[in-house]
Every structure is written in C-alpha cells, then in structure tokens.
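Fold and geometry: a report
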Amino acid sequence: MNYKRPKSLLNNNFDTLILEGGSLKCSFTAGVLDVLLDSDFPEFKNYYGVSSGSMVMSYFIAKQRKNFIKVSRAVVENPNFLSYTNSFTTQGLMNLEFLKDYVKNTFPFDEEAAERNCVDKNVVIVTSDSKTGKAHYLKPKKGKWINYMLASATLPIITKGKTKIDDTWMFDGGYADAIPVHEAIRKGAKKLLVIRTRPADIRIDKSYLSLMAEYWNYNNDVISDLFHNSYKIYNKSVDFLNGEKPKGIDWHVLAPPTVLKADGYYLHVEDVNADYRLGLEVGLDFLANLKESNNS
C-alpha cells in the first residue's frame, strides 16, 4: 500500500498510545500492535484504550502477541457470542459473559504480566457513566482489569447495556470520549501515537443504534442527550486530530485507508482476518517510514 509519510513524521520517542474502539474492527489495531511487539518498539509512558481498544491494549501491555485476533477469529461466527435473536434480551446481540468465559478458558489475559509491565506507567481504560454521561478514566487494578475492559465495551442493545464497576454503572467509553486525545494532553502527553479504526478523515452521522439508545433512555435526559450528541462529540475529536496541533504537542495517526471489513455486526472470519492483515501492513509501513526518517 502507499503509505504517505507526513512532512514531520515523528521519531520513535512517543510517550502516549491511544486506541480507538470499534468492536471487531480492532483486529486492525491488533495487527499494528503485533508489528510493534515484534520490533521491540519502545514502550509508552501512557496508554489509553476505549471499548474493544482496551482489550487490544491490555494484551499489548502483557505482550501477548496475536491473542486478540485469535479470540476474534474464534467468536466472530459463534452463535453463543453473536446472535441477532438475542438483540433484545438481557445479553444483547453480543454476549460479553460468554466472551469473558471463553477468553478465560482459551486465550487468558495475563494480568500478572500486565501488572509487571505497567509499573511507573499510566494505563487508562475509558468508560461512560450511565447516570451522568461523563467519561471515567479508570486505572486497571489487580483482579478488576477484565471487568474494566468489559465495562468499556458494554453497549446498549448490542451487549448487556451496562456493567457495575465500584458501585457505579458504566457502559461503552466510546460515547463519552471515543478518542481521548484531549484527556491525554491534559495529563501531560506530548508525543502521541493514535490508532484509529476508521479512515482518518471520516466524520460520522448519527447511527440507528444511538437513536434507539436515545429512546431507550428517555427517562434519563442526560444519557438520552449523550446518545443524541455522541456523533458530534466523535466528530469534534476527528476535527481536532486533523487540525492544527497545539504548540509543543505532536501526534501521528495510524488509520485504515478505507472502511474496514468488520464494520458492522454480520461478520465472517475472512473479515477480521483481512482487517488484521491490513493492520500488519500499516504497522510495517509505519516502521519503515520511521527508519527512513531517522536515517535521513
């Protein structure tokens, strides 16, 4: 693929990694990060993961190469995980409890390794508060890391709707802060690597899911308004990333050149495999351009 190097491509002293969510579209993200793992890419000081991006991030921190794509391949066509007949049940279209048990028994997350590897680092999983609609920036704790990931990926209708974390009901962080660049900068990030699951210049419209969730939460004006305005919040982040950078701040965005194959919920193994391979390609091109930039 033709990867166009920006005029001021950063060298590899990034301090912050930000991962957008996107359900199984994060197979693309997993491809990029597996390339970084294989290359012994310098570790980051700050990690921000949103929705399924938090799961990819967690495997990355634990240095568990290929685990996310292995899980994706295994569950994408499994009716115990993905079933339209369950859309309006308590579990939703995607059964997160099945996913949790499946991962535990087949491709378990190495929480101890993640804990060791994030000493002196700032690791954040983003969720949305089901009462206030505000973003929560959770710091994973031993014994709670997986539940934090599940909370960040809990969607209305698509999954069971919300997850209780430390006495607070939470759901998908993508609604309150889908690409937490502002939060990272507020916390001191200077050089950021942002991995997207949509092409970099795409702005989104209001989705049917958001419309349904808005109606579903008609008795909570704050949450109803969040679903009503979530696409605007997302587009503001996109515009910020594509606009002029604040003084003293720099970032580089890795995004798919076209809409990913796993963009939707009627998916096949071939879709996640294609997105993963594209992530590998983008990751390899990124490293090649970094090397060329540093040698020039």
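This report concerns the structure included in the present document. Here the structure is a predicted model, which is why all the values come from computation and not from measurement. (Residues numbered from 1 in each chain as written. Predicted model: local features only at pLDDT ≥ 70, side-chain atom pairs only at ≥ 80, totals over all residues. Heavy atoms only, no water.)

Some remarks on the packing of aromatic side chains
Here is the rule we go by: Here the aromatic set is Phe, Tyr and Trp, taking the six-membered ring for Trp, and pairing holds for ring centres within 6.5 Å; pairs whose planes are under 30 degrees apart are stacked, those over 60 apart are edge-to-face, and all others are tilted. Think of it this way: any DSSP run of H or I at least four residues long counts as a helix, any run of E at least two long counts as a strand, and we number them from the N terminus. A simple rule labels every residue: compare its accessible area, found with a 1.4 Å probe on the protein chains alone, to the largest value its type can have, and call it buried under 20%, exposed over 50%, or partly exposed in between.
Under the definition given, this model contains nine aromatic pairs. Both rings, one in Tyr59 and one in Phe109, keep their centres 6.2 Å apart while their planes meet at 75°; by these two values the pair is edge-to-face. Here Phe109 lies in the loop between helix H4 (96–106) and helix H5 (111–117) and Tyr59 lies in helix H2 (residues 52–61), a separation of 50 residues in the sequence. The residues Tyr59 and Phe109 share a single accessibility class, namely buried. Centroid distance Phe171 to Tyr175: 6.0 Å. Interplanar angle 55°. Geometry classified as tilted.

Remarks on the nonpolar core
Note the following rule: Nonpolar cores are built from buried Ala, Val, Leu, Ile, Met, Phe, Trp, Tyr and Cys residues. Side-chain atoms within 4.5 Å join them into one set.
Core analysis: the largest hydrophobic core is formed by 55 residues, its most contacted members being Leu17, Trp145 and Phe286. The biggest single contributor to this core is helix H1 (residues 26–38), with eight residues. Tyr48, Leu192, Val194 and Ile249 belong to the second-largest nonpolar core, a separate cluster that totals 19 residues.

A short note on the pattern of salt bridges
Selection criterion: The term salt bridge refers to a pairing of a side-chain nitrogen on Lys or Arg with a carboxyl oxygen on Asp or Glu at a separation within 4 Å.
All chains considered together, the criterion is met by ten salt bridges. Ionic pairing is found between Arg196 and Glu20, a salt bridge with its closest N-O pair at 2.7 Å. Here Arg196, found in the loop between strand S7 (191–195) and helix H9 (208–216), pairs with Glu20, found in the loop between strand S1 (16–19) and H1; they are 176 residues apart in sequence, far enough to count as distant. Note on accessibility: Arg196 and Glu20 belong to one class, buried. One salt bridge in this structure joins Arg203 and Asp239, with 3.0 Å as the shortest N-O distance. Here Arg203, found in the loop between S7 and H9, pairs with Asp239, found in helix H10 (residues 221–241); they are 36 residues apart in sequence, far enough to count as distant. Among the residues examined, Arg203 registers a relative accessible area of 48% and is labelled partly exposed. Taken together, the shared-partner salt bridges connect Glu20, Arg196 and Arg198 into one network.

Some details on the packing of H1 against H2
Counted only if it meets this: Note on definitions: angles span 0 to 180 degrees between N-to-C directions of axes, and those axes are lines fitted to C-alpha atoms, for helices only across the stretch in contact. Oblique is the label for every angle not falling under 35 degrees (roughly parallel), over 145 degrees (roughly antiparallel), or within 65 to 115 degrees (roughly perpendicular). Crossing handedness is read from the near helix: turned anticlockwise from the far helix by less than a right angle, it gives a left-handed crossing, and turned clockwise, a right-handed one. Contacts were defined at the residue level, with two residues in contact if any of their heavy atoms lie within 4.5 Å.
Viewed as axis vectors pointing N to C, H1 and H2 meet at an angle of 20°, and their least axial separation amounts to 10 Å. Taken together, the axis directions place H1 and H2 in an arrangement best described as roughly parallel. Along this stretch, H1 crosses H2, giving a crossing that reads as right-handed. Counting all contacts with H1, which are made through Cys26, Thr29, Ala30, Leu33, Leu36 and Leu37, the residues of H2 involved are Ser52, Gly53, Val56 and Phe60.

Section: unusual backbone geometry
Residues other than glycine seldom take positive phi values, yet Asp40 does so here, at roughly 55°. With respect to the secondary-structure elements, Asp40 resides in the loop between H1 and strand S2 (46–50). At Asp167, a position not held by glycine, the phi torsion is positive, near 70°. With respect to the helices, strands and loops of the structure, Asp167 is situated in the loop between strand S5 (163–165) and strand S6 (168–172).

Structural notes on the packing of H1 against helix H3 (residues 67–75)
What describes two packed helices is the angle between their axes and the distance between those same axes. Spelled out, the test is: Each residue receives one of three labels: charged for Asp, Glu, Lys and Arg, nonpolar for Ala, Val, Leu, Ile, Met, Phe, Trp, Tyr, Cys and Pro, and polar for the others, Gly being one of them.
Put simply, H1 and H3 touch, their axes get as near as 8 Å, and they point 150° apart. Here H1 is positioned roughly antiparallel relative to H3, judged by the angle of their axes. Here the hand of the crossing between H1 and H3 comes out left-handed. The residues of H3 that touch H1, namely those facing Cys26, Ser27 and Ala30, are Phe68, Ile69 and Ser72. Of the residues in the contact of H1 with H3, the class split is four nonpolar, two polar and no charged.

A look at the pairing of S6
Rules: Pairing between strands is defined by DSSP: at least two bridges between the two strands are required.
Relative to S6, strand S3 (residues 122–129) runs antiparallel, the two sharing three bridges. Bridge pairing links Ser128 to Phe171 in S6. Both S5 and S6 contribute to a ladder of three bridges, which runs antiparallel. By the bridge assignment, Thr163 is partnered in S6 with Met170. Adjacent in sequence and paired antiparallel, S5 and S6 are bridged by two residues, among which Asp166 carries a positive phi angle near 50°.

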